[in-house]
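Analysis of the macromolecular model
Here is how the chains run, residue by residue.
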Amino acid sequence: MTLHANAVATLEAWKPADPGQESLRHAFLGFLATGEDTCLRQCAAGHVTASAVVLDDTGSRVLLTLHPRVGRWLQLGGHCEPEDTTLAGAALREAREESGIEDLELLPGPVHLDVHPITCSLGIPTRHFDVRFTVRAPRGAEPVRSAESDDLRWWPAAALPPGSEDLTDLVKAAIPDGAGH
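Below is a summary of the structure that appears in this document. Source: prediction; values computed, not measured.

Here's the deal with the side chain of Thr 126
Here Thr 126 shows up in strand β6 (residues 125-136). Its relative accessible area of 5% is what places Thr 126 among the buried residues. When residues no more than four places from it in sequence are discounted, the contact partners of Thr 126 are Cys 43, Ala 44, Ala 45, Gly 46, His 47, His 116, Pro 117, Ile 118 and Cys 120.

Here's what the structure looks like:
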């Protein structure tokens, strides 16, 4: 199965309870129907990306990166790579690369979708169709900042850093059974 086929299957199977997320799910599927290249960063009209809300073992803290180009605290994640065969795998790979934590546990299924305009590696304005997953870190996990981040740290899930209020719904969606709130 190709990454594109996995993206379609993943989004067809996911049934969000939130009407706004359901609307986005349909928009993502419509976008994916426009071509086989929609999961690749070369797709100038936009491309599917994969990200991860990394929670500590208690589910009460979330690992955020201070993104150097965006200048804001964000969840971990990014572009799908040619070797990725699943969106979930891409999100987990990104989380490992950006956190330095190897023993991460991916929870099943997406938890949130977002589409946003961005100028990324193509150097031209485009859109990211971001599919977000939950990842759990092992007890005592200490992140190691990569070159892709200006800072990397744990934040209380109920007290995200200033300027990241738009992450509130994502973090709530990622926390099973509302732990940490």
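So much for the structure itself; the text now carries on.
Some remarks on the layout of surface pockets
Of the voids in this model, the largest pocket is the one considered here, and its volume is about 740 Å³. In this structure, the largest pocket is lined by 33 residues; those nearest its centre are His 67, Leu 74, Gly 77, Ile 118 and His 128. Those elements that provide at least two residues to the lining of the largest pocket are β1 (47-55), β4 (76-79), α3 (87-99), β5 (105-119) and β6. Here the lining of the largest pocket is composed, by residue class, of 9 nonpolar, 11 polar and 13 charged.

A word on the packing of helix α1 (residues 3-13) against helix α2 (residues 19-32)
Contact geometry for α1 and α2: axes closest at 10 Å, N-to-C directions at 155 degrees. Considered as vectors, α1 and α2 are oriented roughly antiparallel to each other. Here α1 runs over α2; the crossing is left-handed. On the side of α1, the interface is formed by His 4, Ala 7, Val 8, Leu 11 and Glu 12, while α2 contributes Arg 25, Phe 28, Leu 29 and Leu 32. Residues belonging to the contact of α1 with α2 are distributed by class as follows: 6 nonpolar, 1 polar and 2 charged.

Rules used in this analysis
Residues numbered from 1 in each chain as written. Predicted model: local features only at pLDDT ≥ 70, side-chain atom pairs only at ≥ 80, totals over all residues. Heavy atoms only, no water. Helix = DSSP H or I, 4+ residues; strand = E, 2+ residues; numbered from the N terminus. Buried < 20%, exposed > 50% of the residue type's maximum accessible area, 1.4 Å probe, protein only. Contact = heavy atoms within 4.5 Å. 1 Å grid on protein atoms, 1.4 Å probe; cavity = no way out; pocket = protein on both sides within 12 Å on 5 of 7 lines; lining within 4 Å. Points joined across faces, edges and corners; volume = space filled by probe spheres on them. Nonpolar A, V, L, I, M, F, W, Y, C, P; charged D, E, K, R; others polar. Axes fitted to C-alpha atoms, helices over the stretch in contact; angles between N-to-C directions. Parallel < 35°, antiparallel > 145°, perpendicular 65-115°, else oblique. Left-handed = near helix turned anticlockwise from the far one by under 90°.

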